[in-house]
Amino acid sequence: KVQDGCNYFCAFCTIPLARGRSRSATIEQTLVEAKKAIVMGAKEIVLTGVNIGDFGLHEGKREETFFDLVKALEKVEGVERFRISSIEPNLLTNEIVEFVASSKKFVPHFHIPLQSGSNKVLKMMRRRYQRELYAERVALIKSLIPNCCIGADVIVGFPGETKEDFLDTYKFLNELDISYLHVFTYSERDNTHAVTLKGSVPTAERAERSKMLHILSDKKRRAFYEQNLGREEQVLFEEDIENGLMFGFTRNYIRVAAKYDPLLVNELKYVRLTSIAPEGHMEAQEIDEEVFNH
């Protein structure tokens, strides 16, 4: 965790009230924590926080930036991967994307909250961007890192979101080159601006919109997996076991299954992605590391 709190007061969110203002440890302190994780055996470190792109505020003053942190972590020895968790589109700068594109340690995976594909709804939500900026970010990522996995958060049923607004969001997402969605059904929260807005969406309608986006997410993920069929990738296996299978993730966040072997936990293996299982994960064939590197 590299950051906590938030200075953004989005209409639907209570985090600034619950967690306070945005604040971070220093880069030096964060590097110490990363090195502790490496000593404990971590091979992948995920950078998390409430609003990680706002990293670098110390006692309310901007002293460092998230990009400064990324550059410093790249030099840390003994870890295979760094993964950036959710980062706001207006804080995901071109220089961060360009750095990840050339990085040996930062993996090709971004999770970028959208919340709505309607500029009208984004304004009501008090978000700090319009959908055109989001589309520009996705286009830049895909131009520099074609096999990058991109996830998005979306809220359905926000007060004042008409059926036309939702269909605008659906069309925008359908045409966007992203890999999966995290879909949230709007629910009222005390002490938020959203509860004062008119145009409450009926619960059944919220559920229907959520269902449509979940189906779209499944289609997006499958299309992304299909694009990666036949590729040779490195999988980090986790202690995630179901029905005799264990699972791990490629650098670009494809979930891969293997027959359970306790010796594989926290191990990196080179594989060729061979097929998509009915359950949605990918199946793979292990390949020799020397052949892969050759």
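Above this text is the structure in question.
Source: prediction; values computed, not measured.

Chemist: Even after reading the chapter, I still don't get the packing of aromatic side chains, so can you show me in this structure?
Modeler: If you walk through the whole model with that rule in mind, you get eight aromatic pairs. When the ring of phenylalanine 82 is compared with that of phenylalanine 106, the centres are 5.2 Å apart and the planes differ by 25 degrees; the resulting orientation is stacked. With phenylalanine 82 in strand 6 (residues 81–84) and phenylalanine 106 in the loop between helix 4 (94–102) and strand 7 (109–111), the pair connects residues that are 24 residues apart, well separated along the chain. On the basis of relative accessible area, phenylalanine 82 is assigned to the buried category, the value being 0%.

Chemist: Whenever I open this one, unusual backbone geometry confuses me. Can you help?
Modeler: With phi around 65 degrees, asparagine 191 is a residue other than glycine that occupies positive phi space. Here asparagine 191 lies in the loop between strand 9 (180–185) and helix 8 (203–227). Notably, asparagine 266 is not glycine yet its phi reads approximately 65 degrees, a positive angle. Within the secondary structure, asparagine 266 sits in the loop between strand 12 (255–259) and strand 13 (268–276). Accessibility expressed as a relative area gives 29% for asparagine 266, which makes it partly exposed.

Chemist: Would you take a moment to explain the side chain of arginine 209 for this structure?
Modeler: Summarising the element assignment, arginine 209 is placed in helix 8. Those residues in contact with arginine 209, other than ones at most four positions away along the chain, are Val156, Gly157, Glu161, Thr162, Lys163, Phe166 and Val201.

Chemist: Would you mind showing me how to read the environment of histidine 281 here?
Modeler: Looking at the secondary structure, you find histidine 281 in the loop between strand 13 and strand 14 (282–286). The sequence separation of histidine 281 and glutamate 28 amounts to 253 residues, and the corresponding C-alpha distance is 38 Å. When sequence neighbours within four positions are dropped, the list of residues in contact with histidine 281 reads Tyr225, Leu245, Phe247, Arg255, Ala257, Ser275 and Ile276.

Chemist: So what exactly am I meant to see when it comes to the sheet that holds strand 8 (residues 149–156) here?
Modeler: Sheets are built from strands that pair by backbone hydrogen bonding, the pairs being arranged parallel or antiparallel. What the three strands build is an open sheet, ordered 7-8-9; its pairing is parallel. The open sheet has two edge strands, strand 7 and strand 9, and neither has a second partner. The average angle at which neighbouring strand axes cross in this sheet is 15 degrees, direction not considered. Where strand 7 meets strand 8, three bridges bridge the pair, whose relative direction is parallel. Paired with histidine 109 across the bridge in strand 8 is cysteine 149. Relative to strand 8, helix 6 (residues 131–144) is tilted by about 165 degrees, and along the sheet it contacts strand 7 and strand 8.

Chemist: Teacher, can you tell me more about the pairing of strand 10 (residues 232–242) here?
Modeler: In regular strands, side chains alternate between the two faces of the sheet. Pairing of strand 10 with strand 13, which is carried by five bridges, proceeds in the antiparallel orientation. By the bridge assignment, valine 235 is partnered in strand 13 with lysine 269. Bridge count for strand 10 against strand 11 (residues 245–250) is five bridges, and the pairing is antiparallel. Its bridge partner lying in strand 11, isoleucine 241 is registered against methionine 246. Taking the residues between adjacent antiparallel strands as the criterion, strand 10 and strand 11 are bridged by two residues, where asparagine 243 takes a positive phi near 50 degrees.

Rules used throughout
Residues numbered from 1 in each chain as written. Predicted model: local features only at pLDDT ≥ 70, side-chain atom pairs only at ≥ 80, totals over all residues. Heavy atoms only, no water. Phe/Tyr/Trp six-rings, centres within 6.5 Å; stacked < 30°, edge-to-face > 60°. Helix = DSSP H or I, 4+ residues; strand = E, 2+ residues; numbered from the N terminus. Buried < 20%, exposed > 50% of the residue type's maximum accessible area, 1.4 Å probe, protein only. Contact = heavy atoms within 4.5 Å. Pairing = 2+ DSSP bridges. Axes fitted to C-alpha atoms, helices over the stretch in contact; angles between N-to-C directions.

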